[in-house]
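Letter by letter, the chains look like this.
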Amino acid sequence: MQSVKNTVLSSVDKHREELVEFLRKVISIPSVTGQEGEVQAYIADYLRDRLGLRVDVWEPSLEELSKHPGYVPVDRGYEGRPNVVGVYNGAGGGRSLLFNGHVDVIPVGDESSWRHHPWRSEVKQGCVYGRGASDMKSGLAAYTFALLSVVEAGLKPRGDVILEYTVDEELSGNGTLAAILRGYRADAGISGETSSMNIQPACIGRIWFEIEVRGTPVGVQRKWEGVNAIHKGYKLVQAVDDFEQIRLSEVRHPLYPDIREAIPCLVGVFEAGSYPSAFPDRCLLKGSLATVPNEDSDQVKTRLKEHIQAVASTDPWLRSHPPVLRFKG
Ligand SMILES: [Zn+2]
């Protein structure tokens, strides 16, 4: 057993430079969510030509996805931005292993504020820098080269190994859902997401929500007659913060000793008003909250709904004009 381990480790060492080149290449191809096509074409070719895998490239179908309860609504389809899966056929008789990861990255924002250029994948002091270096192109490179190193060491696993490179994770997770619907299953799975090199045997869930609140439109010169939607919206931001405090005091999970990291709940977008000198009569909050394994997400949603209703009932305006809570996935 020790010799197998050493054989694999020395193969990993042997492929170090090639791995760094692969990682730098996939970082240097911008793949902000919605623009994953080019990097996927590169990866598909690589899996076919370098690893000799059976490669499946397909554009997920919005029509098929939208029938699944795990679907997260999105405002664009998957034309020109396919999923890529590479399959290594094992010798037979073993258990299969699936690696999952996403190729999309979030936008870079102001490029001039980056210490290292987001798309040049610079190497400095043993680290590779760039958009997606951590989340999660290094994960993709790691599992691509894990398989490559095992195979090039002359070993043949008994079980199949499935490598997934999915799209649209940053906005929805629909890429992975599409891979499941495509039939990719295994006896065990590993996600290469960022984890500070820790093994994380559990995964949180996330619930997306919106809260809309209305005030009254009124001319700014008689603003005392109106109800300011920003003030009411802020009250609901505080209500969401309070809801997090309640959950922090109640929710426990053995795999998350610091529960604060597991169940963040917040309003991340606050949209209100249309003009600096116009009275704001509508406010839209967009937020998310996380759940731990074995929590019933419908129950958590009901609790949030009841909490928002309870807070609204303490405010004369919100009591008669209740905020509208919508769950978005
Ligand atoms: Zn990620």
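Attention here is on the structure that accompanies the text. (Residues numbered from 1 in each chain as written. Predicted model: local features only at pLDDT ≥ 70, side-chain atom pairs only at ≥ 80, totals over all residues. Heavy atoms only, no water.)

On to the packing of aromatic side chains. The final tally for this structure, using the stated rule, is eight aromatic pairs. Here the aromatic rings of tryptophan 58 and tyrosine 184 are separated by 6.0 Å at their centres, their planes lie at 35 degrees, and the arrangement is tilted. One end of the pair, tryptophan 58, is in strand E1 (residues 54-58); the other, tyrosine 184, is in the loop between helix H6 (174-181) and strand E7 (188-191), with 126 residues separating them in the sequence. One exposure class covers both tryptophan 58 and tyrosine 184, and it is buried. Clustering of aromatic rings is evident, with ring pairs tying together Phe22, Tyr42, Tyr46 and Phe145. (Phe/Tyr/Trp six-rings, centres within 6.5 Å; stacked < 30°, edge-to-face > 60°. Helix = DSSP H or I, 4+ residues; strand = E, 2+ residues; numbered from the N terminus. Buried < 20%, exposed > 50% of the residue type's maximum accessible area, 1.4 Å probe, protein only.)

Reference values for angles at a metal are 109.5 degrees in the four-donor tetrahedral case and 90 or 180 degrees in the six-donor octahedral case. Looking at the zinc ion, one finds its protein donor set to be His102 (NE2), Asp135 (OD), Glu193 (OE) and Glu193 (OE), positioned 1.8 to 2.6 Å from the metal centre. With four donor atoms in place around the zinc ion and angles of 56 to 134 degrees between them, the coordination shape is irregular. In primary sequence terms, the donor set of the zinc ion follows H-x32-D-x57-E. Of this pair, aspartate 135 sits in helix H5 (residues 133-152) while glutamate 193 is found in the loop between E7 and strand E8 (205-214), placing the two residues 58 residues apart along the sequence. For aspartate 135, a relative accessible area of 29% puts it in the partly exposed group. (Donors = N, O, S within 2.8 Å, 3.2 Å for Na, K, Ca; no water. Tetrahedral: all angles 85-135°; square planar, octahedral: opposite > 155°, others 65-115°.)

Counting 43 residues, the largest nonpolar core has Ile43, Leu47, Leu53, Leu163 and Tyr165 as the members making the most contacts within it. Secondary-structure elements contributing two or more residues to this core are helix H2 (16-28), helix H3 (37-49), E1, strand E2 (83-88), strand E3 (97-100), H5, strand E6 (161-165) and H6. Setting aside residues no more than four positions away along its own chain, leucine 163 makes contact with Leu47, Leu53, Val84, Val85, Gly86, Phe99, Tyr143, Thr144 and Leu147. Val213, Ala229, Val300 and Leu304 belong to the second largest nonpolar core, which has 24 residues in total. (Core = buried A, V, L, I, M, F, W, Y, C linked by side-chain atoms within 4.5 Å. Contact = heavy atoms within 4.5 Å.)

Spatially, E9-E10-E8-E11 is the arrangement adopted by the four strands of the open sheet, whose pairing is antiparallel. On the outer flanks of this sheet lie strand E9 (265-272) and strand E11 (324-327), each paired with one strand and no other. Taking the axes of each pair of neighbouring strands and ignoring which way they run, one obtains an average angle of 20 degrees across the sheet. Where E9 lies against strand E10 (residues 282-291), seven bridges are found, and the strand directions are antiparallel. Bridging across to E10, cysteine 265 finds its partner in leucine 289. Taken strand by strand, helix H7 (residues 229-250) contacts E8, E9 and E10, and its axis lies near 170 degrees from that of E9. Helix-sheet contacts for helix H9 (residues 297-312) involve E8, E10 and E11, and the interaxial angle to E8 is about 25 degrees. (Pairing = 2+ DSSP bridges. Axes fitted to C-alpha atoms, helices over the stretch in contact; angles between N-to-C directions.)

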